[in-house]
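Summary of structural features
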Amino acid sequence: MDLFLQQIVSGFATGGIYACMALSVVMIYQAIHHLNFAQGEMATFSTFIAWQLLAWGLPYFAVIPLAIGLSFIGGFVVERVVFKPIENAPVLSHIVIFIALFAIFNSAMGFIWDFSIKPVPSAFGEGPLYEGSLLSKHQTGMIAVTMLVLVLLWAFFRFTRVGLAMRAAAANPQSARLVGIRVSFMTALGWGMASAIGAVAGILIAPVVFLEPNMMLSILLYGFAGAVLGGLTSPLGAVIGGFIVGIVENLAGTYIPVVGGELKLPIALFLIVVVLVVKPEGLLGRRVVQRV
Amino acid sequence: MLTRRTSLIAAAATALAFAAGPGSAETVVGVTDTSIKIGNIMPYSGPASAYGQIGGTIEKYFEMVNANGGVNGRMIEFITYDDAYSPPKTVEQARKLVESDEVALIFQPLGTPPNSAIHKYMNAKKVPQLFVATGATKWGDPENYPWTMGWQPNYQTEAKIYARYILDNMPNAKIGILYQNDDYGKDYLKGFRDGLGDKTSMIVAEMPYEVADPTVDSQIISLKASGADVFFNITTPKFAAQAIKKAHEIGWTPTQFLNNVSSSVGSVLTPAGLEASTGIITAGYQMDPTDPQFADHPEMVAWRKFMDEFHKDGDKTSNFTAYGYAAAATLEQVLKQAGDNLSRENIMKEAANLRQVRIPLLLPGVTISTSPTDFYPIESMRLQRFNGTTYEFFGDVIAAESS
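An account of the accompanying structure is given in this report. (Residues numbered from 1 in each chain as written. Chains lettered and ligands numbered in written order. Predicted model: local features only at pLDDT ≥ 70, side-chain atom pairs only at ≥ 80, totals over all residues. Heavy atoms only, no water.)

1. Some remarks on the side chain of K238(B)
For K238(B), the position within the fold is in helix α8 (residues 237-249). Given a relative accessible area of 15%, K238(B) falls into the buried group. Looking at K238(B), its side chain comes within polar contact range of the side chain of E212(A), at 2.9 Å. Excluding its chain neighbours within four sequence positions, the residues that come into contact with K238(B) are I117(A), V209(A), F210(A) and E212(A). (Helix = DSSP H or I, 4+ residues; strand = E, 2+ residues; numbered from the N terminus. Buried < 20%, exposed > 50% of the residue type's maximum accessible area, 1.4 Å probe, protein only. Polar contact = N/O pair within 3.5 Å; in protein donor to acceptor, adjacent residues only side chain to side chain. Contact = heavy atoms within 4.5 Å.)

Given below as structure tokens:
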């Protein structure tokens, strides 16, 4: 029973990692209705920037806004330079560029910062939350920040004109343009915000898994799984999805005899397939109805 | 029809001629009266590029050998190519070395997957794949792969040394194991189980992890819950650091054994936390260039002189530059022993004819021995315990020599 509770708590903590990344996935999906394969590498790049600034001796409270701001600009610029010119190209062209960006960011990080693992200090301090606690201070802080980002994101889409405009631009570009929304600017803004959230996710995740160029490779996969499970259009769904994936993965690994430990990931993904077959829009997603 | 039969007869005749010829002619390739051509493949780019330092050091070592008159009057021509740790590229480079550059042998190709990719090819071509830079156990199989030989202690030998220590010193231990779920992890696991013999019931939990897992938190929690008081950590650097850190965080304080693969203080223990790492036991076979107790050792002094004169850009604090130096010295010894008979057959014969040879920079008391049935050159190691700043040796050199 003790082990059961511990595995749930630990799965909740790992789920927090996936949830962070899932939020970034939802953000970009809201803006462009695609999944950006380079999202993870861009987030890792942001984390390296934060690490480098810390290594240069800047204090934490200065580094975080700086890294997030730079990532926002970076994401915005990537969209302007790379995607604006191929706005009307078929989906496949976009996918090829996502993959190219993935390779470029990954190799560039290896070249600049090499492939050895780097410890990233936590903003919340080291050690367990209290004596004997399974959650460390950092993991608790990470989950709290994820919740905060979730609320901000929800409020942004729900209550701000820009948020509404961004949703409109993604859902129906033509009509949005007709009512005076600058659709292509909205797309770039979406990229910037997704990169900024990616930076937050990266900085939160790195103290747990250690920073290296391939840090996000598998996390993006789990984050995507969480987002799909919860609903790609719903930030809340994505976060819940992330937590579910983390917990299911741990319980499967611990309690399914023989294959459990070896098939943690497939079992989690199998669950997602089941959900999608039964409820394609995800647990909390909206059913997207499109006129054709 | 006629032509076909003639060619068949011709083929048969040739085969007969070979079989009945005057002894089996030995193949001498890549050797002249003044030079020996040696090939090498290293990851100079890509994720494993840190290991490239080994190749760079070997190259400089042979420059030093040449500056001192070569081996038996022959200059060493060292050709080294980059495979980026990608097996298909390794195959390509090996073919280039064997078929176009026509080297006498390929020395110290690095990594288990790259070497596995050329294992069959090298043996089919009968070209020595000598002193490979990987610890997998499969390189010492003279019966099936007589052209391939390892160098460093193999994973199973190392695991047996830990098992022996545990049996001797902690007979009531409850052992929990975390291992990477692939050939490397299972190699260690097998050695460890073999080492425990009929005492494998001491193992109370074995938790695998996949390279794609983001963390090993769940496994560490299960290991703690199993009640284990000894932890054998069979992981690559990133996961090793994660495991050590997590165990410390949740207050699990077993006696920890860490595989040599991840024993680096700078790239594993420091990121994991020096306090969390204190007390970790691992086995070593090579002198650490940064260890003050070896600072005045004559071999270390000679190595630093070499680094100053021939390898100025090399990292004098890295284990890799020391490793490359020691490996190259081993090949120099083999070539010296082979004298003027530098056929591929004789090179392999001499590589399998090392008797307690002292190679510089190995730990005091560690020597190299091989035989026609023992293709595992280094098989003794010494246990060391991390004291919070550096490793301290304890006990004697433990040998698991099979010859």
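What follows continues from the structure just given.
2. Overview of the packing of helix α2 (residues 52-67) of chain B against helix α12 (residues 319-338) of chain B
All names here are of chain B. Between α2 and α12, the shortest axis-to-axis distance is 8 Å and the interhelical angle comes to 45 degrees. When the interaxial angle is binned, α2 and α12 end up oblique. In the crossing of α2 with α12, the sense of the turn from one axis to the other is right-handed. Residues Q53, I54, T57, I58, Y61, F62, M64 and V65 of α2 form the contact with α12, whose own contacting residues are F320, T321, Y323, G324, Y325, A328, A329, L331 and E332. (Axes fitted to C-alpha atoms, helices over the stretch in contact; angles between N-to-C directions. Parallel < 35°, antiparallel > 145°, perpendicular 65-115°, else oblique. Left-handed = near helix turned anticlockwise from the far one by under 90°.)

3. A word on the interface of chain B and chain A
Across the boundary between the two partners, chain B contributes 27 residues, which contact 29 residues of chain A. Surface buried jointly by chain B and chain A totals about 2,400 Å² across both partners, of which 56% is contributed by carbon and sulfur atoms. Viewed at the interface, chain A and chain B are joined by 1 salt bridge. Where E212(A) meets K238(B), a salt bridge forms, and the shortest distance between an N and an O atom there is 2.9 Å. The interface formed by chain B and chain A includes 8 residue pairs in polar contact (both at pLDDT 80 or more). Residue contributions to the side of chain B that touches chain A peak at 7 residues, all from α8(B). In the side of chain B that touches chain A, the residues fall into 12 nonpolar, 8 polar and 7 charged. (Buried area = accessible area lost by both parts, 1.4 Å probe. Salt bridge = Lys/Arg side-chain N within 4 Å of Asp/Glu carboxyl O. Nonpolar A, V, L, I, M, F, W, Y, C, P; charged D, E, K, R; others polar.)

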